[in-house]
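Close look at the chain arrangement
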Protein chains: 2
Amino acid sequence: MHKQEVTIYDVAREAKVSMATVSRVVNGNNNVRKETRDRVLEVIKRLHYQPNAVAQGLASKRTTTVGLIVPDLTNLYFAELSKGIDDIALLYKYNIIITSIENRLMKEDQVIQSLLNKQVDGVIYMSNRLPNEAAEAFKRTNTPVVLAGTKDNRDEFASVTIDYKKADTEALNLLMHDGKKNLALVVGDEDAVVNGENRIPAYKDFIKENNLGEPHVYTGVKDYSDGYNLYPQLVKDGIDGVIVTRDISSVGILNSAMDAGRKIPEDLEIVTASATQLASVVRPALTTIKQPLYDMGAVAMRMLTKLMNNEEVDETHIELPYELVKKQSTLNQ
Amino acid sequence: MHKQEVTIYDVAREAKVSMATVSRVVNGNNNVRKETRDRVLEVIKRLHYQPNAVAQGLASKRTTTVGLIVPDLTNLYFAELSKGIDDIALLYKYNIIITSIENRLMKEDQVIQSLLNKQVDGVIYMSNRLPNEAAEAFKRTNTPVVLAGTKDNRDEFASVTIDYKKADTEALNLLMHDGKKNLALVVGDEDAVVNGENRIPAYKDFIKENNLGEPHVYTGVKDYSDGYNLYPQLVKDGIDGVIVTRDISSVGILNSAMDAGRKIPEDLEIVTASATQLASVVRPALTTIKQPLYDMGAVAMRMLTKLMNNEEVDETHIELPYELVKKQSTLNQ
DNA sequence: AGGAAAGCTGTAAACGCTTGCACTTAGAGC
DNA sequence: GCTCTAAGTGCAAGCGTTTACAGCTTTCCT
């Protein structure tokens, strides 16, 4: 980076005003006489002046930048959330610094710290569970945080989710009413608050209340091959209906069953819990708990803008409506 | 953002040295006596000092931030490229500001200008075609740019791609040797340099050289439903082998054919040109021109680090090897 | 021992902007 | 005509770093 070609000072000199006035024009402060404003704007245009956001950030202590913390960019669940976030961020003129934190060289809270050092005005957090060090760092720097599509067990951070317990219960009901007797739950990370404190308890309660025998919770099923390889175990355990939290694992199970010559949904009903593109393009198409991912991202970002402006926020734990969409991987369409 | 709790000045006072020395310690400059360094480090730890990256950026004129310009976050092609970029960026301690530019409120070059105002040290560009205004802005600010998975018709910007002409020709050969007579090419954006100046000419040359009749190039096929709706037209035109640039469109064509009761690959052979996750999870699995997306991203980012350091770069137009992977959507596996 | 070189540290001027405060001017109200 | 208010503008002190430059110590040769 070489010396900046044209600064606010050049504009000021050329327009025969002070830097302060140029700054006011640039920032839309209306305490400037129209003629002065026009003159300044003309010079800005003529000189191709562009404000240096780094200097603005240092002087104003606002960077108009938010941090996005995401486990994995190539997971469509997060990609669709991010899209909602991104659109609203653009609307409010925030830039996004994105950092993914899975399988990394650096520890999660180091990555987060580096984000805070960049003086982001706020953070949207989408990973499973907020580590203590990170929570401390957020509080210490007083940075607003919104969790999108995830929860935290302390109730300190705002969040945007769906009602996971209700959604899963509804899906389990669907399977049960289809006559399935041996229902299972397949999750990625059991340490995730959404799973450990919402989905799994909801599932266990359902099994107990309906006298459906022993619960079967399969954990650590994170990608396509995990799902693919799990299928024989499901057969062995006599599972005939399953809720899978990750789309890609659902597809793994689906393909494994198909490759083994089984019939979906007759032999096994599958409900997937995310509803990314993936769920609808495979055949048979997957019945899904359709989470409004784009909207969740958008709402989270909108809430963050309020928090960053110290505006009143009436509800910091927002649950958006989901929809149970029946496709070909369950009966009774 | 409130006043920063602890600054380099506090550390200096506490450690009884000057700011300059603290700065040297922080930046790993080894012109500091060991005892002094240890004392400073101790204070840094004790006070929880973290350097303010914005102030560093202003003073040093380097932000250790790079801009990523991507059409669409939810397109796995870009997500996988981004992952490679992200990993290398982390390795070299760069943060990433990501901006997507499709269907937006703001014009592309405005978005890019806002990125430049943030004083990014470099940019990785992944969209179809670099607009003139943007190219001018990059040159004016002297910001290094690397194109990843895309090309530019002026030869001014570094790029990392595969040899699209060769890849497509090879794929067309495969289809021809399977006995297909009426080959088509389906692309998203015909204005994209990769399509307009590489894939389409390669296709047309092949058709002409092999006397395969009239060329059939279908353009503007961008998403799932575009592909789905195109299929009847392919039937009408008697197409029996097709290369599709976007995975999601390939899947649309595939499902459309299956839903119509046709057989793939017997009735239609499909080669898809990206090789994201999508191509391998659908059934029949798609034969693909497997682009090394992760590596392309990684190589692009690595090259950018060199450009940002004014290091010697021997080759600025890198073509990585691809692989033609035969799956179930073509014969002769 | 004497001088040069190398190592270590501090001073202070940037970097490009925002913003509180004070000042000027012009009009309004009387 | 005089005071008062408000709008418009400039001054200058930050914001938290980096980095020449200079100066002081050591160390190393011969």
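Residues numbered from 1 in each chain as written. Chains lettered and ligands numbered in written order. Predicted model: local features only at pLDDT ≥ 70, side-chain atom pairs only at ≥ 80, totals over all residues. Heavy atoms only, no water.

Counting its secondary structure elements, chain A contains 13 helices and twelve strands. Along the longest, intermediate and shortest principal axes, the C-alpha atoms of chain A span 80 × 40 × 35 Å. Here chain A holds 333 residues, and 57% of them are scored as buried. Split by element, the accessible area of chain A, about 14,500 Å² in all, is 47% carbon and sulfur. If the 40 positive side-chain charges of chain A are averaged to one point and the 46 negative ones to another, these points end up 8 Å apart. (Helix = DSSP H or I, 4+ residues; strand = E, 2+ residues; numbered from the N terminus. Buried < 20%, exposed > 50% of the residue type's maximum accessible area, 1.4 Å probe, protein only. Areas by Shrake-Rupley, 256 points an atom, 1.4 Å probe, with all protein chains shown as cover. Lys, Arg positive; Asp, Glu negative; His and termini not counted. Charge placed at Lys NZ, Arg CZ, Asp CG, Glu CD.)

Interfaces are often described in size by the accessible area the parts lose on coming together. On the side of chain B, 60 residues touch chain A, which itself brings 60 residues to the contact. Both faces considered, chain A and chain B share a buried interface measuring about 5,700 Å² in area, 58% of it formed by carbon and sulfur atoms. Inspection of the chain A/chain B interface yields four salt bridges. Residue K83 of chain A pairs with D72 of chain B through a salt bridge whose shortest N-O separation is 3.2 Å. Here chain A and chain B share 24 residue pairs in polar contact (both at pLDDT 80 or more) between them. Within the residue set of the side of chain A that touches chain B, elements represented by two or more residues are α4 (53-60), α5 (76-91), β2 (95-100), α6 (108-117), α7 (132-141), α11 (247-259) and α12 (277-281) of chain A. (Contact = heavy atoms within 4.5 Å. Buried area = accessible area lost by both parts, 1.4 Å probe. Salt bridge = Lys/Arg side-chain N within 4 Å of Asp/Glu carboxyl O. Polar contact = N/O pair within 3.5 Å; in protein donor to acceptor, adjacent residues only side chain to side chain.)

The next thing to look at is the side chain of T36 of chain A. On the secondary structure map, T36 of chain A appears in helix α3 (residues 34-47). If we ignore the near neighbours within four places in the chain, the residues touching T36 of chain A are V17 and T21 of chain A.

Not every one of the 31 residues close to DNA strand D is listed here, only the nearest: R24 and T36 of chain A together with I8, M19 and S23 of chain B. A distance of 2.6 Å separates a phosphate oxygen of DNA strand D from a polar backbone atom of I8 of chain B. Contacts to DNA strand D include Q56 of chain B, whose side-chain N or O atom sits 3.1 Å from a phosphate oxygen. Listed by contribution, the elements that provide at least two residues to the surface near DNA strand D are α2 (19-26) and α4 of chain A together with α2 (19-26) and α4 (53-60) of chain B. A per-class count over the surface near DNA strand D returns twelve nonpolar, 13 polar and six charged. (Near = heavy atom within 4 Å. Nonpolar A, V, L, I, M, F, W, Y, C, P; charged D, E, K, R; others polar.)

With that settled, the discussion passes to the sheet that holds strand β8 (residues 241-244) of chain B. Residues and elements named next belong to chain B. Spatial strand order, β7-β6-β8-β9-β10-β12: six strands in an open sheet with mixed pairing. In this open sheet, the two strands that pair with only one neighbour each are β7 (216-218) and β12 (323-325). The average angle at which neighbouring strand axes cross in this sheet is 20°, direction not considered. Two strands pair when backbone bridges link them, and strand β9 (residues 269-272) and strand β10 (residues 287-290) are joined in this way by two bridges, in the parallel orientation. Bridging from a neighbouring strand, V271 pairs with T287 of β10. Packing against the sheet, helix α8 (residues 164-177) makes contact with β6 (183-186), β8, β9, β10 and β12, and its axis sits at approximately 160° to β8. The strands touched by helix α9 (residues 193-209) within the sheet are β6 and β7, with β6 carrying the most contacts at an inclination of about 175°. (Pairing = 2+ DSSP bridges. Axes fitted to C-alpha atoms, helices over the stretch in contact; angles between N-to-C directions.)

Here we come to helix α10 (residues 224-236) of chain A. All names here are of chain A. At L230, α10 is deflected by roughly 30°, the largest bend along its length, and proline P232 occurs up to four residues later in sequence. Within the span of α10, buried status applies to Y224, G227, L230, Y231 and L234. Of the residues trailing α10, G238 is marked for its positive phi of about 70°. (Bend = angle between axes of the 7 residues up to and from the residue.)

Moving on, we come to the relation of the copies chain A and chain B. Here two copies of a chain appear, and what relates them is a rotation about an axis with a shift along it. Least-squares fitting of chain A to chain B yields an RMSD of 0.0 Å, with the superposition described by an axial translation of 0.0 Å and a rotation of 180°. Here the two chains are linked by the operation of a two-fold rotation axis. Of the C-alpha atoms belonging to chain A, the one lying closest to the rotation axis is found on I97 of chain A, 2.2 Å away. A share of 100% of interface residues in chain A that are also interface residues in chain B marks the association as one of identical surfaces. (Least-squares fit on C-alpha atoms with pLDDT ≥ 70 in both.)

With that settled, consider the nonpolar core. Grouped together as the largest cluster of nonpolar side chains are 102 residues, with contacts concentrated most on M301 of chain A together with M301 of chain B. Setting aside residues no more than four positions away along its own chain, M301 of chain B makes contact with V66, I85, I88, A89, Y94, I124 and M308 of chain B. Core analysis: the next-biggest nonpolar cluster, separate from the first, contains 48 residues, A184, Y218, I248 and I270 of chain A among them. (Core = buried A, V, L, I, M, F, W, Y, C linked by side-chain atoms within 4.5 Å.)

Assigned domains of chain A: these are domain 1 (8-51), domain 2 (65-162 + 293-321) and domain 3 (164-290). Computed over C-alpha atoms, the centres of domain 1 of chain A and domain 2 of chain A are 36 Å apart. (Domains from an automatic or database assignment.)

All names here are of chain B. Residue placement: G67 occurs in strand β1 (residues 65-70). For the pair G67 and L116, spaced 49 residues apart in sequence, the C-alpha separation works out to 8.2 Å. If near-sequence neighbours (up to four positions away) are discounted, G67 is found in contact with I97, L115, V120, G122, V123 and I124.

Attention now goes to α11 of chain A. Here α11 of chain A spans 18 Å end to end across 13 residues, near enough to the 18 Å set by a 1.5 Å rise per residue. Listed in full, the buried residues belonging to α11 of chain A are D247, I248, S249, S250, V251, G252, I253, L254, N255, S256 and A257 of chain A. Lining the buried residues of α11 of chain A we find β6 (183-186), α10, β8 (241-244), β9 (269-272) and α12 of chain A together with α12 (277-281) of chain B. Once α11 of chain A finishes, G261 of chain A follows within two positions and takes phi at roughly 80°, a positive value. (Expected span 1.5 Å × (residues − 1).)

All names here are of chain A. Counted under the stated rule, the structure contains six aromatic pairs over all chains. Consider the rings of Y77 and F78, whose centres lie 5.0 Å apart with planes at 85°: the pair is edge-to-face. You can call F78 buried: its relative accessible area is 10%. (Phe/Tyr/Trp six-rings, centres within 6.5 Å; stacked < 30°, edge-to-face > 60°.)

On the surface, a nonpolar cluster with roughly 310 Å² of combined accessible area is contributed by L91 and Y92 of chain A together with L105 of chain B. Structurally, the position occupied by Y92 of chain A is in the loop between α5 and β2. (Patch = residues over 30% accessible without salt bridge, like charges linked within 9 Å, V, L, I, M, F, W, Y side chains within 5 Å.)

Looking now at the sheet that holds strand β1 (residues 65-70) of chain A. A sheet is described by the order of its strands in space; here twelve strands give the open sequence β11(A)-β5(A)-β4(A)-β3(A)-β1(A)-β2(A)-β2(B)-β1(B)-β3(B)-β4(B)-β5(B)-β11(B), paired in mixed fashion. One side of each edge strand has no neighbouring strand; the edge strands of this open sheet are β11 (317-319) of chain A together with β11 (317-319) of chain B. Averaged over all neighbouring strand pairs, the angle between strand axes comes to 20°, with direction disregarded. Of the strand pairs in this sheet, β1 of chain A and strand β3 (residues 122-125) of chain A are connected by four bridges, and their pairing is parallel. From the neighbouring strand, G67 of chain A faces β3 of chain A, where its bridge partner is V123 of chain A. Strands in contact with α6 of chain A are β1, β2 and β3 of chain A together with β2 (95-100) of chain B; relative to β1 of chain A, the strand with the most contacts, it is inclined by about 165°. Of the strands in this sheet, β1, β3, β4 (145-148), β5 (158-161) and β11 of chain A touch helix α13 (residues 293-308) of chain A, which is tilted by about 165° from β5 of chain A.

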